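Read off the chains here:
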Amino acid sequence: MEAIGVLLMWPANTYLEQELDRRFTLFRYWTQPRPREFLAQNSDSIRAVVGNVFAGADAELIDALPKLEIVSSFSVGLDKIDLNKCREKGIRVTNTPDVLTDDVADLAIGLMLAVLRRICECDKHVRRGGWKFGDFKLTTRFSGKRVGIIGLGRIGLAIAKRAEAFDCPISYYSRSKNPNTNYKYHSTLVDLASNCDILVVACALTSETTHVVNREVMNALGPKGILINIARGPHVNEAELVSALVEGRLGGAGLDVFEKEPHVPEELFGLENVVLLPHVGSGTVETRMAMADLVLGNLEAHFANKPLLTQVV
Ligand code: 8YV
């Protein structure tokens with residue numbers, strides 16, 4: 001059978017890379033010193049692309065691969081893939097939903113607790129020997145705080161379920177009201193931010209949701225409000241976030257994602273009411289294995305003319 005060329009865009013996972021190498025003719029895009037020349041020389045053999053949150057399949061890449069049949073993303077987020085272009089060209093797209101929902105939702109709760117109870121600062125206090133000279137200052141309770149969720153999809157609902165276990169009243173904002181839940185719906189994001197203590201970004205990144213958390217929303221959340229972002233950095237106007245935190249107009253933030261990863265605004269480094277994580281939402285052994293198996297399973301299904309496991313387009 002003719003060798004199937006698969007273009008891996010980013011070294012996201014060792015197991016995935018090894019399995020792609022074993023099953024297909026694997027091209028490692030990030031290792032190519034002259035990408036355009038590489039694509040011109042190999043475009044006829046590349047029938048699949050595997051991307052992730054850092055590198056996907058934009059219009060330029062898709063146009064350079066005339067034999068491309070499927071884009072299988074090692075991520076649930078699809079913001080690095082030109083979905084309309086894929087639709088136009090009949091290119092199938094898959095992602096890795098569900099298998100990472102629990103990890104991401106767990107981390108959102110972890111960030112809420114870490115910010116409100118200053119867990120990272122308490123740890124430093126002990127490690128620096130500060131406890132010998134006095135107790136750590138009092139912090140604030142998480143249980144019972146009002147949690148507002150932007151986007152009530154799989155991950156948003158999982159966060160809500162966890163926060164309810166802490167007796168947190170749940171409210172949400174999304175494009176339309178979810179008829180299958182009793183959570184309080186707010187028709188505007190400013191209204192949600194004005195009526196919660198903790199605002200969580202859990203929606204997909206699109207042109208409509210880029211910078212959806214702006215200065216007005218941050219001011220509405222207020223000097224005791226906490227912003228949690230486990231979705232995408234560009235959901236938040238990062239320059240406005242830095243000024244809101246530095247000026248005290250926002251009470252704190254727990255951030256796993258940033259506008260220009262891996263670069264994080266250094267103004268945040270000295271703020272004790274901010275917890276900074278390196279985009280580790282799905283970063284457990286179990287989940288990344290399950291994600292890799294979904295990528296592999298979708299590719300195997302496609303090339304065996306069987307139904308895809310998690311088809312988006
Ligand atoms: C990626 C993510 O899964 O799935 C997503 O959309 O944001 C991440 O958890 C991870 O970075 C691997 O690409």
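As the structure is a prediction and not an experimental result, all values here were calculated from the model.

What about the site of the ligand?
For the ligand, the full set of nearby residues is N52, V53, F74, S75, V76, G77, L100, R232, H279, S282, R288 and M291. One of the side-chain nitrogen or oxygen atoms of N52 is found 3.2 Å away from an oxygen atom of the ligand. Residue F74 places a main-chain N or O atom 3.0 Å away from an oxygen atom belonging to the ligand. Look at the ligand: alone it shows 330 Å² of surface, and the protein chains cover 93% of it.

Describing the packing of aromatic side chains
Within this structure, the stated rule accounts for six aromatic pairs. Relative to F166, the ring of F142 lies with its centre 4.8 Å away and its plane at 45 degrees, an arrangement referred to as tilted. Of this pair, F142 sits in the loop between α6 (119-127) and β6 (147-150) while F166 sits in the loop between α7 (154-164) and β7 (170-173); the two residues are 24 residues apart in sequence, bridging distant segments of the chain. On the basis of relative accessibility, which here comes to 2%, the residue F142 falls in the buried class. By relative accessible area, which is 27% here, F166 ends up partly exposed. Aromatic rings pair up to connect F27, Y29 and F38 into one cluster.

Overview of the environment of R175
Assignment of secondary structure puts R175 in the loop between β7 and β8 (184-185). By relative accessible area, R175 is classed as exposed at 85%. Sequence separation between R175 and L189 is 14 residues, and the spatial gap between their C-alpha atoms is 10.0 Å.

Looking at the domain arrangement of the protein chain
You can read the domains of the protein chain as domain 1 (5-97 + 286-303) and domain 2 (101-276). If you average the C-alpha positions of domain 1 and of domain 2, the two centres end up 32 Å apart. Each side of the interface is counted separately: domain 1 has six residues, and domain 2 has five residues. Note on domain 1 versus domain 2: buried area summed over both sides is about 520 Å², and carbon and sulfur give 50% of it. Along the contact surface separating domain 1 from domain 2 lie one salt bridge. Close ionic contact of R232 with D79 constitutes a salt bridge, the shortest N to O distance being 2.9 Å. Inspection of the domain 1/domain 2 interface yields two residue pairs in polar contact (both at pLDDT 80 or more).

Here's the deal with the pattern of salt bridges
The final tally for this structure, using the stated rule, is 21 salt bridges. Each of E19, R22, R23 and E300 takes part in salt bridges that share partners, so that together they form one network.

Observations concerning empty space enclosed by the protein
Inspection of the entire model under this criterion finds one cavity of 30 Å³ or more. There is about 50 Å³ of room inside the largest cavity. Across the lining of the largest cavity, the residue classes tally to five nonpolar, two polar and one charged.

Examining the sheet that holds strand β2 (residues 25-28)
Strand order in this open sheet of five strands is β2-β1-β3-β4-β5, and the pairing throughout is parallel. Among the strands making up the open sheet, the edge pair consists of β2 and β5 (92-94). The sheet shows a mean angle of 20 degrees between the axes of neighbouring strands, taken without regard to direction. Bridge count for strand β4 (residues 70-73) against β5 is three bridges, and the pairing is parallel.

Rules used throughout
- Counting starts from 1 at the beginning of each chain's written sequence and moves along it residue by residue.
- The model is predicted, so local features are restricted to residues of pLDDT at least 70 and side-chain atom pairs to those at 80 or more, both for listing and for counting; the totals for chains, interfaces and linings are taken over all residues.
- Only hydrogens and water are removed before side-chain values are computed, so all heavy atoms of the structure are retained for them.
- Near is defined per residue: the residue qualifies when any heavy atom it owns lies within 4 Å of the molecule or strand.
- Side-chain atoms alone can form a polar contact between residues adjacent in sequence; in general such a contact is a pair of N or O atoms within 3.5 Å, and within protein one must be able to donate a hydrogen while the other accepts it.
- Residue burial considers only the protein chains on display, and all accessible areas are found by Shrake-Rupley using a 1.4 Å probe.
- The aromatic pairing rule takes the rings of Phe, Tyr and Trp, using the six-membered ring of Trp, and pairs them if the centres are within 6.5 Å, calling planes under 30 degrees apart stacked, those over 60 edge-to-face and the rest tilted.
- A run of H or I in DSSP counts as a helix once it spans at least four residues, and a run of E counts as a strand once it spans at least two, with each numbered from the N terminus.
- To sort residues, take the accessible area from a 1.4 Å probe on protein chains only and compare it with the maximum for the residue type: under 20% means buried, over 50% means exposed, and anything in between is partly exposed.
- As annotated, the domain borders come from an automatic or database domain assignment.
- Any two residues whose heavy atoms approach within 4.5 Å are treated as being in contact.
- Accessible-area loss on putting two parts together, using a 1.4 Å probe and summing over both, is the definition of buried area adopted here.
- A pairing counts as a salt bridge when a side-chain nitrogen of Lys or Arg comes within 4 Å of a carboxyl oxygen of Asp or Glu.
- Within this scheme a cavity is a closed region of a 1 Å grid, computed over the protein atoms alone, that accommodates a 1.4 Å probe without allowing it to escape, whereas a pocket is open but has protein on both sides within 12 Å along at least five of seven lines; lining residues each have an atom within 4 Å of a point.
- Grid points are joined across faces, edges and corners, and a volume is the space filled by probe spheres set on the points.
- Nonpolar residues are Ala, Val, Leu, Ile, Met, Phe, Trp, Tyr, Cys and Pro. Charged residues are Asp, Glu, Lys and Arg, and all others, Gly as well, are polar.
- When DSSP locates at least two bridges between a pair of strands, those strands are taken to pair.
- Under this scheme, a helix contributes an axis fitted over its contacting stretch, all axes are lines through C-alpha atoms, and angles between N-to-C directions fall in the 0 to 180 degree range.

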